[in-house]
Amino acid sequence: MDTIAPFSLLFEPSLIKEINEFGELKHFKEGDIIMDYDKYIRMMPMVVKGSIKVLKKEESGKEILLYYLSSNESCSMAYSCCLEAKKSEVKAIAEEDVDLIAIPHHKLDEWLCKYPSWKNYIMRSFNLRFLELLKSIESIAFHKLDDRLIAYLKEKQRLSGSMVIKVSHYVIADELATSRVVISRLLKQLENDGKILLYRNEIKLLNGF
């Protein structure tokens, strides 16, 4: 499996061999649901290419963005659901076309005991996701919505590597747990300030954003 190359510096050769043997390469198109609420998860995704957004549904039914996954990263919540054989409490959607390696649930615990590099990878994944969740909570609790919007756009730019972000006002509002009208107003203000240009379902970040 040539796609395992990005992980070759992270894991022992013997683990790389097992990933090649037991891992399954999967491809998802932009917008495809990779994990869904109340579904049992039988694999842990390791992202090879592309990015994934992970969402959580509130009691009201609104969804809020938890974090993104990009190359070489994995979802600690998927790992937890696999080990505990419980239904997913999050939804994972392909932000763009995604290639990933699906690790079967029955190998996760075995490799944790067998390979130090796998244990480090999993612990690092949990730590990164925990820090991102803390950052999200801090943003919601202490930062103004316009600051959160700017941080959101910068993260989109980092993941895509492009100054043109393909996203609708509705999607931004949904992921930031607010209304489309508010987001449209804030985006228009950023455009008036010379920070962005607005197009239909596209936002171009200008120099100095």
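Since the model is a prediction, treat every value here as computed from it, not as a measurement.

## With respect to the packing of aromatic side chains
Taken as a whole and assessed by the stated rule, the structure comprises 7 aromatic pairs. When the centroid spacing of 6.0 Å and the interplanar angle of 90 degrees are considered together, the rings of Tyr 79 and Phe 126 count as edge-to-face. Of this pair, Tyr 79 sits in helix α2 (residues 76-84) while Phe 126 sits in helix α4 (residues 116-142), and the two are 47 residues apart along the sequence. A residue is classified by how much of its surface remains accessible, and Phe 126, at 33% relative accessible area, is partly exposed. Ring pairs connect the aromatic residues Phe 7, Phe 11, Trp 111, Trp 118 and Tyr 121, which therefore count as one cluster.

## Here's the deal with the nonpolar core
Of all hydrophobic cores here, the largest spans 39 residues; its most connected members are Phe 7, Phe 11, Ile 19, Ile 34, Met 44, Met 46 and Trp 118. Here Trp 118 is in contact with Phe 11, Leu 15, Met 44, Met 46, Tyr 79, Ile 103, Leu 108, Trp 111 and Leu 112, once residues within four sequence places are set aside. If you look at the next biggest cluster of nonpolar residues, it comprises 23 residues, including Leu 149, Val 167, Leu 186 and Leu 187.

## Digging into the sheet that holds strand β1 (residues 24-28)
Taken together, 3 strands build an open sheet; the order of strands is β1-β7-β3 and the sheet is antiparallel. Lying at the two open borders of the sheet, with one neighbouring strand each, are β1 and β3 (43-49). Shown here is a sheet whose adjacent strand axes are inclined to one another by a mean of 35 degrees, direction ignored. The sheet contact formed by β3 and strand β7 (residues 98-104) spans 6 bridges and is antiparallel. Pairing of Met 44 across the sheet is with Ile 103, part of β7. The strands that helix α3 (residues 105-114) touches are β3 and β7; relative to β7, the one it contacts most, it runs at about 75 degrees.

About the thresholds
Residues numbered from 1 in each chain as written. Predicted model: local features only at pLDDT ≥ 70, side-chain atom pairs only at ≥ 80, totals over all residues. Heavy atoms only, no water. Phe/Tyr/Trp six-rings, centres within 6.5 Å; stacked < 30°, edge-to-face > 60°. Helix = DSSP H or I, 4+ residues; strand = E, 2+ residues; numbered from the N terminus. Buried < 20%, exposed > 50% of the residue type's maximum accessible area, 1.4 Å probe, protein only. Core = buried A, V, L, I, M, F, W, Y, C linked by side-chain atoms within 4.5 Å. Contact = heavy atoms within 4.5 Å. Pairing = 2+ DSSP bridges. Axes fitted to C-alpha atoms, helices over the stretch in contact; angles between N-to-C directions.

Any functional reading would require information that these geometric values do not contain.
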